Structure formats: C-alpha cells, structure tokens
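Now for the letters of each chain:
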Amino acid sequence: MADLVYLVHTSLDGCIEGPAGEFDWPHMGPELSDYANELSNRAAMFAYGRRVWEMMSSYWPDVESISTHPHDLAFAPIWREKPKLVFSRTLTSADWNTTVTNGDLTEEVANHKATATGDIILMGGYALAAELGRRGLIDEYLVCIHPVILGGNKRPFAEGADRAELQFVETRTFDNTVVLLRYRAKR
C-alpha cells in the first residue's frame, strides 16, 4: 500500500506564499533539487488541490521557454510524465496525464493508496492538506523551511488543522540554506 506524503515548502514564519500570493522565494539549490527529483522519480503520482494544480499546470508544461534554472529543467520532464491526481469540486478535466476527482476524499485516497505502486506525493497547498490531515490520511510530512520571512497568512498547519501526534524521522540541511523536517503520522 502506498503512503500519502505531504511535501511543502514554507518560510521561517510558516507561510506557503507571500501576502500577494508570491511563490518566488523557495531556494532550489542543487542538493534540495536532487532530493526533490529523487523523491519525485520514486513516486507513483503527484497529488494537488485545484489551486496548486492551476499554478503547476501553468508553469511546468513549457518551463524551458520561461526558465533556465537547473532545477526547473531537471524537474519539468518528471512532472510532464508522472501521473497526477487533482482533488477539486469545480474542475472537471485536466491535461498532462491528470485525473480529476471530486468524490469522497477518504474513499478516493484509500483507492489510490491501494493501487499505487509508489508513494503519492501531495505538493503544496494548505486547505486540502489540512483536510487530509484531519482525516488521518497523510502518512508522512516533509516540510522544507526556507530562510525567508513572508508575512503571509496561508499556513499549512494553521486554519482547519487538527492536533496530530507525529513521529520524528529525520532532519536534513540542503545547500546550507533549507532545512527539511520529516515526520510520520503516529497510528
């Protein structure tokens, strides 16, 4: 059975975006990029809420015409090829090897966990992650803390999150800049 792994990048003050929705601050140095790409390569699929999906699908399909950053160029082919799952009550279809689901969240996650051949990586966001966490559906948390204070108000573990006991797995530092905190849900 697959695990649902929540991978999120946050600022030091725990925000996932700046006050105006900015997501130009994560530092994807070579070590963090290698780690993220290794994790992504092993994954069975990526999972998103609608808002993060819209951000990802507006960037990754044509990233080579937008960016020359080594992380972007290495991750783009992985993203395009990997199956993707979007949880949305409003979206009905999506391109790029993507399945859109709007059924019961618990049932949908259980079905995908039962059939996936690797981990399901939930990337970013806050509302979907809070709801999945509340339902006890997230198995592992990977929180990358970047050296920036954003002052925004969207935090992955604030509004809507319930108390959860976690088991420490590891901490790592990437590129002498970003700290990874890795925890598993206690069951």
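Our subject is the structure listed above.
Description of the structure in this document. (Residues numbered from 1 in each chain as written. Predicted model: local features only at pLDDT ≥ 70, side-chain atom pairs only at ≥ 80, totals over all residues. Heavy atoms only, no water.)

### Notes on the sheet that holds strand β5 (residues 120-123)
Strands sit in the order β4-β3-β2-β5-β1-β6-β8-β7 across an open sheet of eight strands; the sheet is mixed. Every interior strand has two partners, whereas the edge strands, β4 (98-101) and β7 (166-174), have only one. The average undirected angle you get between the axes of adjacent strands in this sheet is 20°. Bridge analysis of strand β2 (residues 45-49) against strand β3 (residues 84-87) gives four bridges, and the strand direction is parallel. When the sheet's bridge partners are listed, F46 is paired in β3 with K84. The strands touched by helix α1 (residues 30-42) within the sheet are β1 (4-11), β2, β5, β6 (140-146), β7 and β8 (178-185), with β7 carrying the most contacts at an inclination of about 135°. (Pairing = 2+ DSSP bridges. Helix = DSSP H or I, 4+ residues; strand = E, 2+ residues; numbered from the N terminus. Axes fitted to C-alpha atoms, helices over the stretch in contact; angles between N-to-C directions. Contact = heavy atoms within 4.5 Å.)

### As for the pattern of salt bridges
Inspection of every chain in the model, using the stated rule, returns 13 salt bridges. Across the salt bridge formed by R50 and E54, the nearest N and O atoms sit 2.9 Å from each other. One end of the pair, R50, and the other, E54, are both in helix α2 (residues 50-59), four residues apart, so they sit about a helical turn from each other. Across the pair E140 and R182 runs a salt bridge, and its minimum N-O distance is 2.5 Å. (Salt bridge = Lys/Arg side-chain N within 4 Å of Asp/Glu carboxyl O.)

### Remarks on the side chain of S67
Residue placement: S67 occurs in the loop between α2 and α3 (70-81). Overall, the relative accessible area of 11% leaves S67 in the buried class. In this structure the side chain of S67 is engaged in a polar contact, spanning 3.0 Å, whose partner is the backbone nitrogen of H69. Look past the residues within four positions of S67 in its chain and what remains in contact with it is Y59, D72 and L73. (Buried < 20%, exposed > 50% of the residue type's maximum accessible area, 1.4 Å probe, protein only. Polar contact = N/O pair within 3.5 Å; in protein donor to acceptor, adjacent residues only side chain to side chain.)

### A few points about the environment of S58
Mapped onto the elements of the fold, S58 is located in helix α2. Judged by its relative accessible area of 55%, S58 is exposed. One polar contact links the side chain of S58 to the main-chain carbonyl oxygen of M55, over a distance of 2.9 Å.

### Digging into the layout of surface pockets
By volume, the largest pocket amounts to about 1,400 Å³. R51, V52, M123, G124 and G125 are, among the 45 residues lining the largest pocket, the residues nearest its centre. The set of elements that each furnish at least two residues to the lining of the largest pocket consists of β1, α1, α2, α3, α4 (105-115), β5 and α5 (127-134). With six residues, α2 is the largest single contributor of residues to the lining of the largest pocket. Among the residues forming the lining of the largest pocket, the class breakdown is 21 nonpolar, 13 polar and eleven charged. (1 Å grid on protein atoms, 1.4 Å probe; cavity = no way out; pocket = protein on both sides within 12 Å on 5 of 7 lines; lining within 4 Å. Points joined across faces, edges and corners; volume = space filled by probe spheres on them. Nonpolar A, V, L, I, M, F, W, Y, C, P; charged D, E, K, R; others polar.)

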